[in-house]
Amino acid sequence: MGRPRSVRDAEVAGKRVLVRADLNVPLEDGRVADDTRIRAALPTLRLLLERDAAGIRVCSHLGRPMGEDPRYSLSPVRDHLRSLLPDDRLEVLENTRFDPGETENDEGFARQLAEGCDLYVNDAFGSAHRAHASTEAVARLLPAYAGLLLERELDALGRLLGEVERPFVCVVGGAKVEDKIGVLDNLGRRADTMLIGGKMAEEVASRFPLGDFSVELPTDVVAASDFSAGAEARIVASYDAVPEGWLALDIGPETRERFAAEVVAAKTVFWNGPMGVFEWERFAEGTRVVARAVADADAFSVVGGGDSVRAVQEAGLADRISWISTGGGASLELLEGKELPGVAAIPAISGGAGNG
Ligand code: ADP
Ligand code: MG
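I will try to describe carefully the structure that is included in this document. (Residues numbered from 1 in each chain as written. Chains lettered and ligands numbered in written order. Predicted model: local features only at pLDDT ≥ 70, side-chain atom pairs only at ≥ 80, totals over all residues. Heavy atoms only, no water.)

Describing the overall build of the protein
- Secondary structure assignment for the protein yields eleven helices and 18 strands.
- In terms of overall dimensions, the protein is globule-like: its C-alpha atoms have a radius of gyration of 22 Å, near the 21 Å expected for 356 residues.
- Expressed along its principal axes, the backbone C-alpha trace of the protein runs to roughly 65 × 50 × 35 Å.
- Looking at the protein residue by residue over its 356 residues, the buried ones come to 54%.
- If you sum the accessible surface of the protein, you get close to 15,300 Å²; carbon and sulfur atoms cover 46% of it. (Helix = DSSP H or I, 4+ residues; strand = E, 2+ residues; numbered from the N terminus. Rg over C-alpha atoms; globule rule 2.2 N^0.38 Å. Buried < 20%, exposed > 50% of the residue type's maximum accessible area, 1.4 Å probe, protein only. Areas by Shrake-Rupley, 256 points an atom, 1.4 Å probe, with all protein chains shown as cover.)

If you want it as C-alpha cells, here you go:
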C-alpha cells in the first residue's frame, strides 16, 4: 500500500474544500469535556486557511445517534472550534450520522456533503476504518487528499510494522478481547516480547497459540471479591490462587516490576489497553507503573486506545510518549495489517515508503 497523497501537495488557493475531521469528542452538559480531538484537527485547517482556501466545510460524526437526536448535535463542537480558529471561511456541518446514508456509505448523501466543493481532505484517522459516506463514498466524487493528522498517524503506526529498533515490546491489556486478538497475532510476529495484562490476560492463555511468540502473562494479580470499587482485595501469587468466585482486577507488584523492566529496556514500544480496572484507585497501580515505564523508556513509543490514552494523560505523562494515537479501533485494524477503507479511497502517491 503506497502513501495516500497529501493535502500539502494540493492546490487549494481559491478552492472550496470539504474536510472530514474526527470531532467525535466527549460532551458533558452540552459542552465539550475534552477537546484533544478538536485540537488535533487544527493543523490541517490552519494549513488550508494559510494557503488561501476560499472556504472550508468541516464534517464529522459524533457518537452513535439513532437519527436526529439533539443530544448528539455538533453545535457545541462548532462553537469550540470557532473559538480556537475564528475565521469566516470555516463552516461546520451537523453530525453526519444524523443521516442514515452516512453509515450506509450512500452516494446520494456523499453528494450532498460534496455539493459546491472542489476537493476533499480526509483527516479523520479515528474513522478511517469505516467505509462511510463521509470517509469513503465522498472520496470517489472529489479529488481526495490525506490531512496532516491522518498522515502522522499512518507514519507513526506504520513505523511499528516496518524495520523497528529492537527490542520491540508490545503491551496489550484492557477488556475488548475480541478486537485485540488479531493485533496480537500480527504484532506477535514482529515484537521481541508481548506483555499481556488486563482482562485480556485471562482469556488469551486459552485462545491464543502462545507457543508461537514470546508472550508473557501476569504471575501475581490483585484478586477482588466482586466487581466494585469497594470490593475486598488481596494480592495472590497466580491466577490459580484467585479464590472461587473472585476476580483478578489488576496485575500484582511482582508482575508490574517485571513488565516495567522489559518496557524500560525497549527501543520500540507499543501499548494498548490498561493493566487493570484503573478507574478504581485500588486497581490502578499496574496501569500506572506501565504508563511510567513507557514514558521512561528511551524508545520510540506509541500508545493507542481510548482508555490507555486517558490513563497516560491522567498520569501527566503524555508529553513523554512519542505518539499518542487519536484512533482506537482504526489503530488496531491498521496494526492488524488491514487496509483502512478511508485511506484506500485516497489516491496513492507512487514510489513512497510503504506502510507494511
Ligand atoms: P482501550 O480503550 O485502551 O483500548 P479497552 O477499552 O480494551 O482499552 O479496555 C479498557 C477497560 O478495561 C477499562 O474500563 C478497564 O476497567 C477494563 N479492565 C482492565 N483490566 C480489567 C480486568 N482485569 N477485569 C475487568 N476489566 C478490566
Ligand atoms: Mg476503551
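A word on the environment of Arg320
- Note on placement: Arg320 falls in the loop between helix H9 (306-314) and strand S17 (323-324).
- By relative accessible area, which is 43% here, Arg320 ends up partly exposed.
- Spatially, the C-alpha atoms of Arg320 and Arg292 are 9.3 Å apart, while their sequence positions differ by 28 residues.
- Apart from residues lying up to four places away in sequence, Arg320 is in contact with Ala295, Asp296 and Ser301.
- Only 2.4 Å separates the side chain of Arg320 from the side chain of Asp296, close enough to count as a polar contact. (Contact = heavy atoms within 4.5 Å. Polar contact = N/O pair within 3.5 Å; in protein donor to acceptor, adjacent residues only side chain to side chain.)

Considering the sheet that holds strand S12 (residues 221-224)
- Sheet architecture is open: three strands sit in the order S13-S12-S14, paired in antiparallel fashion. Taken across any chain shown, the strands that pair with only one partner, and hence form the sheet edges, are strand S13 (233-236) and strand S14 (247-251). Each adjacent strand pair in this sheet contributes to an overall mean axis angle of 35°, direction not counted.
- Pairing between S12 and S14: four bridges, direction antiparallel. What sits directly across from Val221, in S14, is Ile251. (Pairing = 2+ DSSP bridges. Axes fitted to C-alpha atoms, helices over the stretch in contact; angles between N-to-C directions.)

A closer look at the packing of aromatic side chains
- With the rule as written, the count across this model stands at one aromatic pair.
- Above the face of the Phe300 ring, Arg159 is positioned so that its terminal group lies 3.6 Å from the ring centre. (Phe/Tyr/Trp six-rings, centres within 6.5 Å; stacked < 30°, edge-to-face > 60°. Lys NZ or Arg CZ within 6 Å of the ring centre and 35° of its normal.)

Focus on the site of ligand 1
- Near ligand 1 you find 19 residues, and of these Ala175, Lys180, Glu279, Asp307 and Ser308 are the closest.
- One of the backbone N or O atoms of Lys176 is found 3.0 Å from an oxygen atom in ligand 1.
- Here an oxygen atom of ligand 1 and a side-chain polar atom of Asp307 are 2.8 Å apart.
- Computed on the free molecule, ligand 1 has an accessible area of 580 Å², of which 89% lies beneath the protein chains in the complex.
- Taken together, the elements giving at least two residues each to the shell around ligand 1 come down to helix H6 (198-207), S14 and H9.
- Looking at the shell around ligand 1 residue by residue, the class counts come to six nonpolar, eight polar and five charged. (Near = heavy atom within 4 Å. Nonpolar A, V, L, I, M, F, W, Y, C, P; charged D, E, K, R; others polar.)

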